[in-house]
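Next come the chains, spelled out residue by residue.
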Amino acid sequence: MITSKQRSYLKGLAQGIDATVYIGKADLTDNIVNEIDNGLQARELVKVKIQDSSLLDPKEVANKVAEELGAEFVQAIGRKFVLYRQAKDKDKRKIFLPK
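Residues numbered from 1 in each chain as written. Predicted model: local features only at pLDDT ≥ 70, side-chain atom pairs only at ≥ 80, totals over all residues. Heavy atoms only, no water.

Peer 1: How should I be thinking about the environment of Val65 in this particular structure?
Peer 2: Inspection of the secondary structure puts Val65 in helix H3 (residues 58–69). Residue classification places Val65 among the buried positions, given a relative accessible area of 0%. Along the sequence, Val65 and Leu83 sit 18 residues apart, while their C-alpha atoms lie 8.8 Å from each other. Each residue touching Val65, except ones within four places of it in the same chain, is listed here: Leu28, Ile36 and Leu83. (Helix = DSSP H or I, 4+ residues; strand = E, 2+ residues; numbered from the N terminus. Buried < 20%, exposed > 50% of the residue type's maximum accessible area, 1.4 Å probe, protein only. Contact = heavy atoms within 4.5 Å.)

Peer 1: What is the right way to look at the pairing of strand S3 (residues 72–77) in this model?
Peer 2: The two faces of the sheet receive side chains in turn, since in a regular strand these alternate between them. Here S3 pairs with strand S4 (residues 80–84) via five bridges, running antiparallel. Bridge pairing links Gln75 to Val82 in S4. Connecting the antiparallel pair S3 and S4 is a turn made up of two residues, with Gly78 showing a positive phi of about 60 degrees. (Pairing = 2+ DSSP bridges.)

Peer 1: When you look at the side chain of Glu44 in this model, what are you seeing that I'm missing?
Peer 2: Note on placement: Glu44 falls in the loop between helix H2 (30–43) and strand S2 (45–50). Although buried, Glu44 forms no salt bridge, and the nearest oppositely charged side chain, Arg93, lies 5.1 Å from it. Engagement of the side chain of Glu44 in a polar contact is seen with the backbone nitrogen of Ile95, the distance being 2.8 Å. Not counting residues within four places of it along the chain, the set of residues in contact with Glu44 comprises Gly39, Leu83, Tyr84, Arg85, Gln86, Ala87, Arg93, Lys94 and Ile95. (Lys, Arg positive; Asp, Glu negative; His and termini not counted. Salt bridge = Lys/Arg side-chain N within 4 Å of Asp/Glu carboxyl O. Polar contact = N/O pair within 3.5 Å; in protein donor to acceptor, adjacent residues only side chain to side chain.)

Peer 1: How do you make sense of the pattern of salt bridges when you look at a structure like this?
Peer 2: Side chains bearing opposite charge may pair, as long as their charged atoms lie close to each other. The tally for this structure, following the rule as stated, stands at two salt bridges. The shortest N-O distance in the salt bridge between Asp37 and Arg85 comes to 2.8 Å. Highlighted residues: Asp37 in helix H2 and Arg85 in the segment after S4, separated in sequence by 48 residues. Arg85 matches Asp37 in its accessibility class, with the two residues each being buried. Note that Asp52 is salt-bridged to Arg79, the shortest N-O span being 3.8 Å. A residue pair is termed long-range when its members are at least 10 positions apart, and Asp52 in the loop between S2 and H3 and Arg79 in the loop between S3 and S4 qualify at 27 residues.

Peer 1: Is there a simple way to explain the sheet that holds S3 in this structure?
Peer 2: Remark on secondary structure: sheet strands pair via backbone hydrogen bonds, oriented parallel or antiparallel. Spatially, four strands are ordered S1-S2-S4-S3 in an open sheet, and the strand pairing comes out mixed. Each of the sheet's edge strands pairs with one partner strand only, and the pair in question is strand S1 (21–23) and S3. In this sheet, neighbouring strand axes are inclined to one another by 25 degrees on average, regardless of whether the strands run parallel or antiparallel. Contacts from helix H1 (residues 4–15) reach S2, S3 and S4, with the element oriented near 55 degrees to S3. (Axes fitted to C-alpha atoms, helices over the stretch in contact; angles between N-to-C directions.)

If you want it as structure tokens, here you go:
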């Protein structure tokens with residue numbers, strides 16, 4: 001579980017990144033979940049955009065995916081949401097959260 005200070009720090013980092021995963025009219029598929037998982041492994045912080053053709057609620061999808069992948073929900077703004085998962089290998093960690 002991350003603290004509010006850590007969440008705020010992650011929100012600041014998320015501002016500078018573009019969405020790397022897009023959810024379209026096929027909604028949330030296993031491939032999308034795998035892409036989010038791969039993004040979390042590579043970068044620790046992933047921004048996902050839900051296209052206008054999808055009727056999914058960003059907060060619901062974010063919480064479902066976060067629970068499934070062992071990630072933390074950071075924020076949802078409009079049709080985008082951000083997830084964070086710390087790398088298991090200490091050498092591969094790119095983001096160092098404040099205490």
